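Structural overview for review
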Amino acid sequence: MTDDLSFLRAQARTQRFTLGTPRQFQVTPDGERVLFLRSESGHDRRNSLWQLDVTSGEESKLVDAAELLPGEEDLPAEERARRERARETSGGVVGYATDAAGTVAAFSLSGKLYTADLATGAVRMLVDAAVIDPRPNPQGTHVAYVADRQLHVVELATGQDRVVAGEDEETEDVSWGLAEFIAAEEMRRVRGYWWSPDGRSLLAARSDRSDVPRWHIADPANPASPVNTVAYPAAGTTNVAVSLAVVTLDGRRLDVPAGEWEYLVAVHWSEGGPPLLTVQSRDQKCLEIRALDVTDGSTRLLHTEKDPDWVEIVTGVPAWTPDGRLVHVGVADGAYRLFVDGTPVTGAELQVRSVLDVGDEVLFSASDDDPTQIHVYRTEGAAVRRLSEGVGVHNGAGTAEAAVLASWSPEYAGIRVSVLAGGERVADIASVAADPGLVPNVHWLQLGERALRAALVLPTGHAPGDGPLPVLLDPYGGPHAQRVLRSRNAMLTPQWLADQGFAVLVVDGRGSPGRGPAWERAMAGDLGDVALADQVDALHAAAERFADLDLDRVAIRGWSFGGYLAAAAVLRRPDVFTAGVAGAPVTDWSLYDTHYTERYLGHPDERPEVYERNSLITDAPKLERSLLIVHGLADDNVFVAHALRLSSELLAAGRGHTFLPLAGATHMTPQAEEVAEKLMLTQVRWLNQQLGVEAGA
């Protein structure tokens, strides 16, 4: 094992080399300016608001977060929860919103509401309270925000502030204008209110958690601290009740009658048509797009998607074009295809990942026959044109006519951001992120009969044939997420692990995105064995091609679903795996949330045998290999109960194992430099011991 520890500290200090990276791009309607967030350096956590003059290429700072708040932030509890759901670890200005013309921006900083005049740069504080998610109306005359579970609107000209929804609620279980846990964690809906195009009313979500089970998170390291009680909808239990109402600036309110749906997936309100509601049934086999009549609260069905397993949610749709055509993504011919006014625009050769903007034309991301790459496309009438170039992972913002491309590639470190006008590059936005100082030694592979996408990372300077190496699988491995991406930054941790003397294999199995609905539906009813089979098949196929992989010394590590997979590997395939590090593992799916779990396993009352088969608890007596369990005690997503129950069953069965609790840690891996460094070193030392590898070998 190398004695050079600088990479681990640098990775923690730079938040995986993301600090200093520009993000959250917004192009002004005239296409002349691009707004974005960026910190001062690759070691600064505080983001400020910047703008780029597209013609001159000059950047200027509009909001200096350090000047507004020289000290530490004091965040409202709801904001901390929102950031946990978004996996947001930076600080300063982490989000902003503008009016339609791009003249005023609203943002919160340490819970206070600020606005910035984008023409003059003048910044003023409007509200000194625990403010969440401030957004101007399209006209730039008012700003809405959430505080104390109520939806407020403040008039910019007068500063008059009033509650428009929630003032009459007498319970803390009801909140207005916020995305509930399931929406933010699983459906990628982060908003809870939407302005009307005329700026005189809002469509607001009301969330009632009264009937949701209460779970309690104690702080054993600080027994004097109060218990954190959260409403957690575990599989088979009651969800938050979400309803809608139209509220106006003059105090009127129209409640939308409750429908038969369980989940509010998305809302869109633009000048192209009435508000669009995307709703989903509890079993997720039916998704409906409905138009809302704001005069009486009734809804009209526009489109239905059905699937015998589940309907996948695609972000950015549905939406109206300015001339009133409905844009959505649906399944046809084995692919996720983009539909405009009922007509498919993309072919079956593309898997649409997300819709980035809907205007006269549509900006979207998709993968072709290589799911390890994501590219940005635009429609041109009934045709489609790819805007991004080069091998890599590309994302987009702006519009089809004035787009911003953010690109990652194996060919360079970090991000490269370019601004396009009419599809041609006209400007760049600088990144000041730190250079990791590692160039991954990666072999990009397709393995086995299922052509599993994989990345084999070897020690720096190691060439195939140089000698045997113990193997470390480093997967996520589950549905809805992807690890094998053509990006240098995506392979930095695997490279550091490889440089400790391992051949590191990262594999995306069935269920991972980018390969179409049938590939994803292979996980239906079977999360563990399907995922594990793909990892084992990929391992054996890689060993056939690379004789350096020592199949007598194989370990696996993972976090979240990857932790579940690592524990399953040593429990169910001791013939393959010698040791496993299970970080924040789901061990009993009846303890995980409704939307994620029931999507793949169904309702536990209807399919108890499926939950039993996918649980690791009953496998505890089978443990023959070495298992290290790591779990944060403050985790409110995968509760530490998962790790404790597995550990308890292992102990009862007389199966030795190691359990490492992380005091104060949530579901995000620890961010503090020393803790992050020592946690990784502890894992490597433990793996070396279990595999019989001498330190320094």
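See the structure above.
A short tour of the structure in this document, coming up. None of the values given here were measured: they were computed from a predicted structure.

As for the sheet that holds strand β36 (residues 424-429)
- Taking strand neighbours across the sheet as the criterion, the four strands line up as β33-β34-β35-β36 in an open arrangement whose pairing is antiparallel. The sheet is open, and its two borders are formed by β33 (393-398) and β36, each paired with just one other strand. In this sheet, adjacent strand axes meet at a mean angle of 30° when their direction is disregarded.
- Relative to β36, strand β35 (residues 412-421) runs antiparallel, the two sharing five bridges. Looking at the pairing, Val-419 lines up with Ala-427 of β36.

What about the sheet that holds strand β32 (residues 383-386)?
- Spatially, β29-β30-β31-β32 is the arrangement adopted by the four strands of the open sheet, whose pairing is antiparallel. Of all the strands in the sheet, the pair left with one neighbour each is β29 (351-358) and β32. Strand-to-strand, the axes of this sheet are offset by a mean angle of 30°, without reference to chain direction.
- The pairing of strand β30 (residues 362-367) with strand β31 (residues 375-380) spans four bridges and is classified as antiparallel.

With respect to helix α7 (residues 528-545)
- Here α7 contains 18 residues, and its C-alpha end-to-end distance of 26 Å stays within 8% of the 26 Å for a straight helix at 1.5 Å per residue.
- Those residues of α7 not exposed but buried are Gly-528, Val-530, Ala-531, Leu-532, Asp-534, Gln-535, Val-536, Ala-538, Leu-539, Ala-541, Ala-542 and Ala-543.

Remarks on the environment of Ala-503
- Assignment of secondary structure puts Ala-503 in strand β40 (residues 503-508).
- Sequence separation between Ala-503 and Leu-456 is 47 residues; the distance between their C-alpha atoms is 7.0 Å.

Brief notes about the nonpolar core
- Judged by nonpolar contacts, the single largest core of 80 residues is most densely connected at Leu-505, Phe-561, Phe-577, Trp-589 and Leu-627.
- Ranked by size, the runner-up nonpolar core spans 32 residues in total, among them Val-457, Val-484, Trp-496 and Leu-679.

Side note on the pairing of strand β10 (residues 132-136)
- With five of its five residues buried, β10 lies for the most part within the structure.
- Here β10 pairs with strand β11 (residues 142-147) via three bridges, running antiparallel. Within β11, the position partnered with Arg-135 by the bridge is Ala-144.
- With antiparallel pairing between neighbouring strands as the criterion, β10 and β11 make up a hairpin whose turn holds five residues, including Gly-140 at a positive phi of roughly 75°.

Each value, and the rule that gives it
- Residues numbered from 1 in each chain as written.
- Predicted model: local features only at pLDDT ≥ 70, side-chain atom pairs only at ≥ 80, totals over all residues.
- Heavy atoms only, no water.
- Pairing = 2+ DSSP bridges.
- Helix = DSSP H or I, 4+ residues; strand = E, 2+ residues; numbered from the N terminus.
- Axes fitted to C-alpha atoms, helices over the stretch in contact; angles between N-to-C directions.
- Expected span 1.5 Å × (residues − 1).
- Buried < 20%, exposed > 50% of the residue type's maximum accessible area, 1.4 Å probe, protein only.
- Core = buried A, V, L, I, M, F, W, Y, C linked by side-chain atoms within 4.5 Å.

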